[in-house]
Amino acid sequence: GQNIDQPTEMTATEGAIVQINCTYQTSGFNGLFWYQQHAGEAPTFLSYNVLDGLEEKGRFSSFLSRSKGYSYLLLKELQMKDSASYLCAVDAGNMLTFGGGTRLMVKP
Amino acid sequence: GAVVSQHPSRVICKSGTSVKIECRSLDFQATTMFWYRQFPKQSLMLMATSNEGSKATYEQGVEKDKFLINHASLTLSTLTVTSAHPEDSSFYICSARDRGGENLNNEQFFGPGTRLTVL
């Protein structure tokens with residue numbers, strides 16, 4: 001079976017840094033995605049990791065350790081517009097399995 | 001990036017009626033499309049995988065006779081919610097994977113979603 005865990009909610013302050021963790025146990029692994037989803041909208045692609053290490057893209061970075069079944073999304077210089085749900089998803093063979101999502105609230 | 005559209009974006013219907021939702025890949029061919037359902041404050045749940053020219057593969061617990069999927073062409077998949085009931089009210093999102101081009105990340109592209117409300 002597939003099991004993907006991430007915290008349900010997080011709160012952070014504008015301008016700060018926040019790290020959202022994701023652990024997974026899947027029967028296969030073709031890569032891990034992070035998506036951002038604002039309420040009432042479809043998810044938008046943030047990052048993709050298939051090899052171990054850190055991928056940096058502007059204010060957002062994503063890390064993967066395949067041996068530990070672990071990933072994190074790092075958001076720097078938080079802005080109010082970053083308040084959203086962040087979904088970790090694993091490609092375990094031609095389809096995505098999503099974690100429960102982490103609702104991030106950024107406060108002034 | 002690639003564009004996926006959905007129609008309608010919002011639909012309100014009476015209990016017992018059927019609703020068809022279209023998912024189109026606008027600038028690429030998608031041999032595989034995916035249908036997700038999302039209830040309020042919950043994550044996306046995969047309902048079925050739609051394969052062009054063949055029967056859809058449904059996830060456990062999803063009734064194939066209630067959620068009819070047709071993937072008639074490389075750019076269009078439809079989801080029909082038959083005899084809809086209030087508990088079917090949800091946000092339905094499709095996605096498609098571009099197997100060609102420069103989709104090196106193997107990314108799925110999501111449609112904007114369809115908000116279904118069954119009265």
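Structure report, in brief. Computed from a prediction, not measured in an experiment: that's the story for all the values here.

Before going further, it helps to examine the pattern of salt bridges. One pass over the structure, following the stated rule, counts seven salt bridges over all chains. Between R97 of chain B and D91 of chain A there is a salt bridge, with the nearest N and O atoms lying 2.8 Å from each other. With R97 of chain B in strand β9 (residues 90-97) and D91 of chain A in strand β9 (residues 84-91), the pair connects residues from two separate chains. Classification of R97 of chain B by relative accessible area gives buried; the value is 2%. Note on D91 of chain A: relative accessible area 0%, which makes it buried. The closest approach of N and O atoms between K66 of chain B and D88 of chain B, which form a salt bridge, is 2.9 Å. Taken together, the positions of K66 of chain B in the loop between β6 (57-58) and β7 (67-73) and D88 of chain B in the loop between β8 (76-81) and β9 put the pair 22 residues apart, joining distant regions of the chain. Just as K66 of chain B is buried, D88 of chain B falls in that class too.

Of the residues lining the interface, 19 residues belong to chain A; the matching set on chain B comes to 21 residues. Between chain A and chain B, a total of about 1600 Å² is buried, with carbon and sulfur atoms accounting for 53% of that surface. Considering only the side of chain A, the residues that lose the most area to chain B are N94, M95 and F98 of chain A, jointly responsible for 29% of the buried surface there. Taken together, chain A and chain B are joined by one salt bridge. Here chain A and chain B share four residue pairs in polar contact (both at pLDDT 80 or more) between them. Elements that contribute at least two residues to the side of chain A that touches chain B include exactly β4 (32-37), β5 (44-49), β9 and β10 (96-98) of chain A. The element that contributes the greatest number of residues to the side of chain A that touches chain B is β4 of chain A, accounting for three residues. The residue makeup of the side of chain A that touches chain B, split by class, is 10 nonpolar, six polar and three charged.

Conventions and cut-offs
Residues numbered from 1 in each chain as written. Chains lettered and ligands numbered in written order. Predicted model: local features only at pLDDT ≥ 70, side-chain atom pairs only at ≥ 80, totals over all residues. Heavy atoms only, no water. Salt bridge = Lys/Arg side-chain N within 4 Å of Asp/Glu carboxyl O. Helix = DSSP H or I, 4+ residues; strand = E, 2+ residues; numbered from the N terminus. Buried < 20%, exposed > 50% of the residue type's maximum accessible area, 1.4 Å probe, protein only. Contact = heavy atoms within 4.5 Å. Buried area = accessible area lost by both parts, 1.4 Å probe. Polar contact = N/O pair within 3.5 Å; in protein donor to acceptor, adjacent residues only side chain to side chain. Nonpolar A, V, L, I, M, F, W, Y, C, P; charged D, E, K, R; others polar.

Read these as geometric descriptors, not functional statements.
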